[in-house]
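# Remarks on the overall topology
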Amino acid sequence: MGNIITITAGHSNTDPGACNGLHREADKAQDMRNIVAYYLKQADVEFRVDGEGKGNLPLSKAIDLIKGSKLAVEFHCNASSNKTARGVEALSQLKDKSISQKLCKAVADVMGIPLRGDRGWKPENSGQHHRLGYVAQGGIVLELFFISNDAELAIWEERKWLIGKAVAGVLIEVANG
Ligand SMILES: [Zn+2]
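Fair warning: this is a prediction, and the values are worked out from it, not measured in the lab.

### A look at the packing of aromatic side chains
Aromatic ring pairs: the centre-centre distance and the angle between the two ring planes describe each pair. Under the definition given, this model contains 4 aromatic pairs. On the basis of an interplanar angle of 85° and a centroid distance of 5.0 Å, the ring pair of Tyr38 and Tyr39 is categorised as edge-to-face. An angle of 75° between the planes, with centres 6.1 Å apart, marks the rings of Tyr39 and Trp161 as edge-to-face. Residue Tyr39 is found in helix α1 (residues 25-42), and its partner Trp161 is found in helix α5 (residues 150-176); the two are separated by 122 residues along the sequence. Residue Tyr39 is classed as buried on the basis of its relative accessible area of 16%. Among the aromatic residues, those joined into a ring-pair cluster are Tyr38, Tyr39 and Trp161.

Structure representation (structure tokens):
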């Protein structure tokens, strides 16, 4: 297996995911993928994406990219009808527990938000998440923050480049490790 890192954006151009007013989960996921890609490129890390700019392949195509990757991460936002629900979590197989916790800590430290689950990690069978096919195939679903939480959404808008840089830092370590 090479050192290829795969990063994909949750949802697609036809599936906006969770929404809060005009804010759409698919757009946040694309932003994050594009920002992380920027830093991976700077670090000369070999990586794959499911599109550039506003490009965002559907799940089946994103899953195809996992095979042959050292690590695959898909970006999502969490959402709840409870506006106070908050924090970051990652769903993955047990093999990726430690790296999932590092990714969550990177996000939590920059955003100042709590870690959910086991220091950020949740097993693949724990959620009602709609995209666990990605986890079943060996990828990590990183739920960055709650788009339904106005305060977390505001922090994201303000710090997304720092968040992306921190997450890219963890991925660069994996690629070079
Ligand atoms: Zn999602």
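### Let's talk about the pattern of salt bridges
Under the definition given, this model contains 13 salt bridges. Across the pair Lys105 and Asp109 runs a salt bridge, and its minimum N-O distance is 2.6 Å. Pair noted here: Lys105 and Asp109 are both in helix α3 (residues 97-111), with a separation of 4 residues, about one helical turn. When its relative accessible area of 46% is taken as the criterion, Lys105 is described as partly exposed. For Arg159, the salt bridge is made with Glu158, and the minimal N-O distance between the two is 3.8 Å. Its relative accessible area of 29% is what places Arg159 among the partly exposed residues. Shared partners join several salt bridges into a network, and the residues in it are Lys28, Asp31, Glu157 and Lys160.

### Looking at the nonpolar core
The biggest cluster of nonpolar side chains holds 42 residues, and the ones touching the most others in it are Phe75, Leu142 and Leu171. Of all the elements in the fold, those that place two or more residues in this core are β1 (5-9), α1, β5 (71-78), α3, β8 (140-146) and α5. Element by element, the count of residues in this core is highest for α5, at 10 residues. Apart from residues no more than four positions distant in its own chain, Leu142 is found in contact with Val73, Glu74, Phe75, His76, Val88, Glu89, Ala90, Leu103, Cys104, Val107 and Val167. Ranked by size, the runner-up nonpolar core spans 8 residues in total, among them Ile66, Leu91, Leu132 and Tyr134.

### Brief notes about the side chain of Thr8
With respect to the helices, strands and loops of the structure, Thr8 is situated in strand β1. What makes Thr8 buried here is its relative accessible area of 0%. A polar side-chain atom of Thr8 sits 3.0 Å from a polar atom in the side chain of Tyr134.

### Remarks on the sheet that holds β1
Taken in spatial order, the 6 strands of this open sheet run β4-β1-β5-β8-β6-β7, and their pairing is mixed. Pairing within the sheet leaves two strands with one partner each, and these edge strands are β4 (47-49) and β7 (121-123). On average, each strand axis in the sheet is tilted by 25° relative to the strand beside it, whichever way the strands run. Its contacts with the sheet place α3 against β5, β6 (89-92), β7 and β8, and it is angled at close to 20° to β8. Running over the sheet, α5 touches β1, β5 and β8 and is turned about 155° from β8.

### Digging into α3
Between its terminal C-alpha atoms α3 stretches 21 Å, which fits the 21 Å expected from 15 residues at 1.5 Å a residue. Ile99, Ser100, Gln101, Leu103, Cys104, Ala106, Val107, Ala108, Val110 and Met111 are the residues of α3 that are buried. Against the buried residues of α3 lie β5, β6, β7, β8 and α5. Looking one or two residues past α3, Gly112 carries a phi angle of roughly 70°, positive in sign.

The rules we used
Residues numbered from 1 in each chain as written. Predicted model: local features only at pLDDT ≥ 70, side-chain atom pairs only at ≥ 80, totals over all residues. Heavy atoms only, no water. Phe/Tyr/Trp six-rings, centres within 6.5 Å; stacked < 30°, edge-to-face > 60°. Helix = DSSP H or I, 4+ residues; strand = E, 2+ residues; numbered from the N terminus. Buried < 20%, exposed > 50% of the residue type's maximum accessible area, 1.4 Å probe, protein only. Salt bridge = Lys/Arg side-chain N within 4 Å of Asp/Glu carboxyl O. Core = buried A, V, L, I, M, F, W, Y, C linked by side-chain atoms within 4.5 Å. Contact = heavy atoms within 4.5 Å. Polar contact = N/O pair within 3.5 Å; in protein donor to acceptor, adjacent residues only side chain to side chain. Pairing = 2+ DSSP bridges. Axes fitted to C-alpha atoms, helices over the stretch in contact; angles between N-to-C directions. Expected span 1.5 Å × (residues − 1).

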